[in-house]
Amino acid sequence: MNTEQLIRTFVEYYEDHGHRRITGSTLLPPPGDPVLFTTSGMHPLTPYLEGRPHPLGRRLVNVQRCLRTTDLDEVGDSTHLTVFEMLGTWSLGDYEGPQSLDWGYRLLTEGLGVDPGLLHTTVFGGDDQVGPDVSSLRLWQERGVPVEETVEDNWWSNGPVGPCGPDSEIFLWTGDTPPRSTPTRDDRWVEVWNHVMMRHRRLDDGSLVPLPQRNVDTGLGLERLASLLQGRPSVFECDVFEPWRRLVPALWPLDEPSLRLVCDHLRSAVVVVGDGVRPANTGQGYVLRRLLRRVLTVLWREDPSRGLGDLPGELVSHTLGHFRQGGTEPVRRLLLEEERRFRRLLERGRKVLARPRFRGPLGEEDFHYLHDTHGLPRELVTSLREE
Ligand code: SER
């Protein structure tokens, strides 16, 4: 099943259960949201989780592009991407958690053919503010699915304040042996679907108050589930990356970890630019800049003559088309301009760092000077000194 079929199966299943499909938003969260980028399908829905009536009703389903920088250093393993799509469902004060988990279980096993024997779940075990999630625990026990109880791992929040709640996560076994152990003890259990009982709001002082309604917010990583259903060893081998894996190695021979990083970061950068972000030294623009600099650092490590001018237009247009964004040529021009800027910065950096003053160990004052006077960020200085 490719990702398009997976999306269709998911959306139709929930439409059959009374959900209305809403259009996904861009990667840029609504004003006032505490994060730089949309990291989950619930961001654009925050006002409705807090009680405002949604024009399409109380049961919603969608596909939302997300970007997670917290996982940047995990990119390259088999399950993490910087930009990914999340299939999401919401009960806005309508049905409760066990109903959501039951539909999730049925869709995975009956609709998508996952072997029930390969599933494990986790539920919130309770802390000093909120009691254990007994109804989710009971549901899983009734379905005969193994459950593990945790505390921090089963509490979901968008930021330090705002809507939050206990969650129940569904894991799929990816090992070569029959399933063993539990999700917190064996990482061959891969999380595929999170169901959050979004009923609380955390205030500035850390206390919790009930939201005006009891919601359920669920999110399932599209590329991750697709790669598992397709029997692929990593997200980089699911159909989304087909053109990347076909064209990039022919252009730049790279080892597998570098290939994954280059494909992930370039694809993410294209989507971020497609959503209107421009490179900058702070905020969203700095995330974009870091993604591109990481790509260029990997490419130039082996061959400084490599450049983004060689990037096949098909990869840019395929990515923009997938996310319904436009403007292949302006995106390519922007990537090239950023590459030129980085080359100039590196040249300047090498010259400055060759001065006798910077030959020995650097102190905080040196880092400040290099940053403020020469525009050289700390991580760039560190990597130039390692050359
Ligand atoms: N908000 C939850 C998550 O991101 C469920 O969608 O995991």
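Structure shown above.
These numbers were taken from a predicted model, which means no experiment stands behind them.

Caption draft 1: Inspection of the overall build of the protein chain at higher detail. Scanning the protein chain for helices and strands turns up 12 helices and 11 strands. Taken against the 2.2 N^0.38 rule, which gives 21 Å for 387 residues, the C-alpha radius of gyration of the protein chain at 23 Å falls within 12% of a compact globule. A principal-axis box enclosing the C-alpha atoms of the protein chain has dimensions of 70 × 50 × 45 Å. Counting over 387 residues, the protein chain shows a buried share of 52%. Of the contacts formed within the protein chain by residues at least 6 apart in sequence, a portion of 68% connects residues at least 24 apart. A distance of 6 Å separates the average location of the 46 positive side-chain charges in the protein chain from that of its 57 negative side-chain charges.

Caption draft 2: Region of the structure containing the site of the ligand. For the ligand, the full set of nearby residues is Ser40, Met42, Arg68, Met86, Trp156, Asn194, Val196, Asp217, Thr218 and Gly219. Between an oxygen atom of the ligand and a side-chain N or O atom of Asn194, the distance comes to 3.1 Å. The separation between a nitrogen atom of the ligand and a polar side-chain atom of Asp217 is 2.8 Å. Isolated, the ligand exposes 230 Å² of accessible area, and the fraction of that covered by the protein chains is 96%. Secondary-structure elements contributing two or more residues to the shell around the ligand are strand 8 (189-196) and strand 11 (216-221). In terms of residue count, strand 11 provides more of the shell around the ligand than any other element does, three residues in total. Classifying every residue of the shell around the ligand by side-chain character gives four nonpolar, four polar and two charged.

Caption draft 3: Summary view of the pairing of strand 7 (residues 162-173). Of all 12 residues making up strand 7, 12 are buried, and the element is well covered by its neighbours. Taken together, the four bridges between strand 4 (residues 119-124) and strand 7 define a ladder with antiparallel strand orientation. Across the sheet, residue Thr122 finds its bridge partner in strand 7, namely Glu169. The pairing of strand 6 (residues 155-157) with strand 7 spans three bridges and is antiparallel. Residue pairing for strand 7: Trp155 is matched across the bridge by Pro166. Counted along the chain from strand 6 to the antiparallel partner strand 7, the turn is four residues long.

Caption draft 4: Broad picture of helix 12 (residues 378-385). Turning to helix 12, its buried residues are Leu380, Val381 and Leu384. For helix 12, the angular spread of buried residues about the axis comes to 100 degrees, placing them on one side. Looking at the buried positions of helix 12, the neighbouring elements they touch are helix 10 (328-353) and helix 11 (364-374).

Caption draft 5: Here's a closer look at the packing of aromatic side chains. The tally for this structure, following the rule as stated, stands at 12 aromatic pairs. Relative to Tyr14, the ring of Tyr13 lies with its centre 5.3 Å away and its plane at 75 degrees, an arrangement referred to as edge-to-face. Tyr14 matches Tyr13 in its accessibility class, with the two residues each being buried. By the ring-pair criterion, three or more aromatic residues cluster together here, those being Phe10, Tyr13, Tyr14, Tyr95, Trp103 and Trp193. The ring of Tyr369 carries the charged tip of Arg357 above its face, separated from the ring centre by 4.5 Å. Lying over the aromatic face of Phe367, Arg378 brings its terminal NZ or CZ to 4.3 Å of the ring centre.

Caption draft 6: A look at the side chain of Arg267. With respect to the helices and strands, Arg267 occurs in helix 7 (residues 256-274). Assessed through its relative accessible area of 2%, Arg267 is described here as buried. Within the structure, the side chain of Arg267 is placed 3.2 Å from the backbone oxygen of Val83, a separation counted as a polar contact. Contact partners of Arg267, with chain neighbours within four places excluded, come to Val83, Glu223, Val240, Phe241, Trp244, Thr319 and Phe323.

Caption draft 7: Quick look at the environment of Leu28. Position of Leu28 among the secondary structure elements: in the loop between strand 1 (20-21) and helix 2 (46-49). Put simply, Leu28 and Thr282 are 254 residues apart on the chain and 15 Å apart in space, counted from C-alpha to C-alpha. In this structure Leu28 touches Phe37, Thr38, Asp275, Val277 and Gln284, once residues within four positions along its chain are discounted.

The rules behind the values
Residues numbered from 1 in each chain as written. Predicted model: local features only at pLDDT ≥ 70, side-chain atom pairs only at ≥ 80, totals over all residues. Heavy atoms only, no water. Helix = DSSP H or I, 4+ residues; strand = E, 2+ residues; numbered from the N terminus. Rg over C-alpha atoms; globule rule 2.2 N^0.38 Å. Buried < 20%, exposed > 50% of the residue type's maximum accessible area, 1.4 Å probe, protein only. Contact = heavy atoms within 4.5 Å. Lys, Arg positive; Asp, Glu negative; His and termini not counted. Charge placed at Lys NZ, Arg CZ, Asp CG, Glu CD. Near = heavy atom within 4 Å. Polar contact = N/O pair within 3.5 Å; in protein donor to acceptor, adjacent residues only side chain to side chain. Areas by Shrake-Rupley, 256 points an atom, 1.4 Å probe, with all protein chains shown as cover. Nonpolar A, V, L, I, M, F, W, Y, C, P; charged D, E, K, R; others polar. Pairing = 2+ DSSP bridges. Arc of directions from axis to C-beta. Phe/Tyr/Trp six-rings, centres within 6.5 Å; stacked < 30°, edge-to-face > 60°. Lys NZ or Arg CZ within 6 Å of the ring centre and 35° of its normal.

Worth remembering: the numbers are spatial, not functional.
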